[in-house]
Amino acid sequence: MVSTNDLKNGMVIEYDGKLMQILEFMHVLQNKVAYVRVKMKDLRTGTVTETALKGSDSAFKRCYIERKEMQYIYNTGEAFAFMDMESYEQIEIPETNLSWEKNFMLEGSNVNITFYEGEILGVSLPDKVKLKIADTTPAVKGASTDRKKATLETGLEVTVPAFLENGTEIIISTLDGTYVSRA
């Protein structure tokens with residue numbers, strides 16, 4: 001059990017029956033009343049909530065999330081299939097649960113699957129991934145713009161510098177889906 005004073009960024013707790021990850025917290029003293037302002041993400045639904053917790057609030061159950069590296073093997077059209085490289089066990093995660101993550105996964109790539117007490121929570125992405133530009137317009141000499149739209153090999157559309165061409169490998173941020181640099 002952890003108290004409100006022991007909360008840390010990244011920690012996962014059970015709050016109101018939900019599995020919540022602490023994104024940000026701040027100790028506040030206002031009018032001689034101390035509390036902790038907390039921004040949390042529900043790991044099952046992805047909903048982000050902010051709340052204020054008093055120091056006198058009861059302790060929270062600390063939850064330990066297991067991460068297992070698995071290989072993304074294929075998309076069935078309704079779900080993504082992953083394989084444990086040690087036991088060769090396969091699991092499927094519904095496509096609706098990975099609507100953002102699918103923009104950064106390529107068949108054959110390794111990803112971390114997150115579990116809590118046997119329940120599959122989803123895919124944990126690295127901060128940045130390397131992807132190829134599948135389709136973009138050619139650069140035009142003398143054009144007034146320095147950016148253009150590009151479609152990546154996963155189908156994600158991003159804005160990239162105008163000099164990049166089809167087949168170029170680039171680094172993309174998985175946090176907001178923006179171009180970072182050339183690979």
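Rules used throughout
Residues numbered from 1 in each chain as written. Predicted model: local features only at pLDDT ≥ 70, side-chain atom pairs only at ≥ 80, totals over all residues. Heavy atoms only, no water. Phe/Tyr/Trp six-rings, centres within 6.5 Å; stacked < 30°, edge-to-face > 60°. Helix = DSSP H or I, 4+ residues; strand = E, 2+ residues; numbered from the N terminus. Buried < 20%, exposed > 50% of the residue type's maximum accessible area, 1.4 Å probe, protein only. Pairing = 2+ DSSP bridges. Axes fitted to C-alpha atoms, helices over the stretch in contact; angles between N-to-C directions. Polar contact = N/O pair within 3.5 Å; in protein donor to acceptor, adjacent residues only side chain to side chain. Contact = heavy atoms within 4.5 Å. Core = buried A, V, L, I, M, F, W, Y, C linked by side-chain atoms within 4.5 Å.

1. Examining the packing of aromatic side chains
- Evaluation of the coordinates by the stated rule reveals four aromatic pairs.
- Judged by centre distance (5.7 Å) and plane angle (45°), the ring pair of Tyr72 and Phe82 falls under tilted. Placement of Tyr72 in strand 6 (residues 66-75) and of Phe82 in strand 7 (residues 79-84) is noted, with a sequence separation of 10 residues between them.
- With relative accessibility at 5%, the residue Tyr72 sits in the buried group.
- We classify Phe82 as buried; its relative accessible area is 0%.
- Grouping aromatic residues by their ring pairs yields a cluster made of Tyr72, Phe80 and Phe82.

2. Observations regarding the sheet that holds strand 10 (residues 119-124)
- Across the sheet, five strands lie side by side as 8-7-6-9-10; this open sheet has antiparallel pairing. Either end of the sheet is taken by a strand with one partner, and the two such strands are strand 8 (90-94) and strand 10. The average undirected angle you get between the axes of adjacent strands in this sheet is 45°.
- Bridging between strand 6 and strand 7 involves five bridges; their strand directions are antiparallel. From the neighbouring strand, Gln71 faces strand 7, where its bridge partner is Met83.

3. Description of the pairing of strand 13 (residues 157-161)
- Sheet topology places strand 12 (residues 147-152) next to strand 13; five bridges connect them, and they run antiparallel. The partner of Lys149 across the bridge, within strand 13, is Thr159.
- The loop that links strand 12 with its antiparallel partner strand 13 comprises four residues; one of these, Gly155, has a positive phi angle of about 100°.

4. Overview of the side chain of Thr168
- Locating Thr168 in the fold gives a position in the loop between strand 13 and strand 14 (169-173).
- A distance of 2.8 Å separates a polar side-chain atom of Thr168 from the backbone oxygen of Glu165.
- Ignoring sequence-local partners within four residues, the contact set of Thr168 consists of Leu131, Lys132, Ile133 and Arg182.

5. Comments concerning the nonpolar core
- Core analysis: the biggest nonpolar cluster contains 13 residues, and Leu152, Val160, Ile170 and Ile172 have the highest contact counts within it.
- Breaking this core down by element, the ones donating at least two residues are strand 11 (128-136), strand 12, strand 13 and strand 14.
- Take this core: its biggest share by element is three residues, from strand 11.
- Dropping the residues within four chain positions of it, Ile172 is found in contact with Phe104, Asp127, Lys128, Val129, Leu152, Leu156, Val158, Gly177, Thr178, Tyr179 and Val180.

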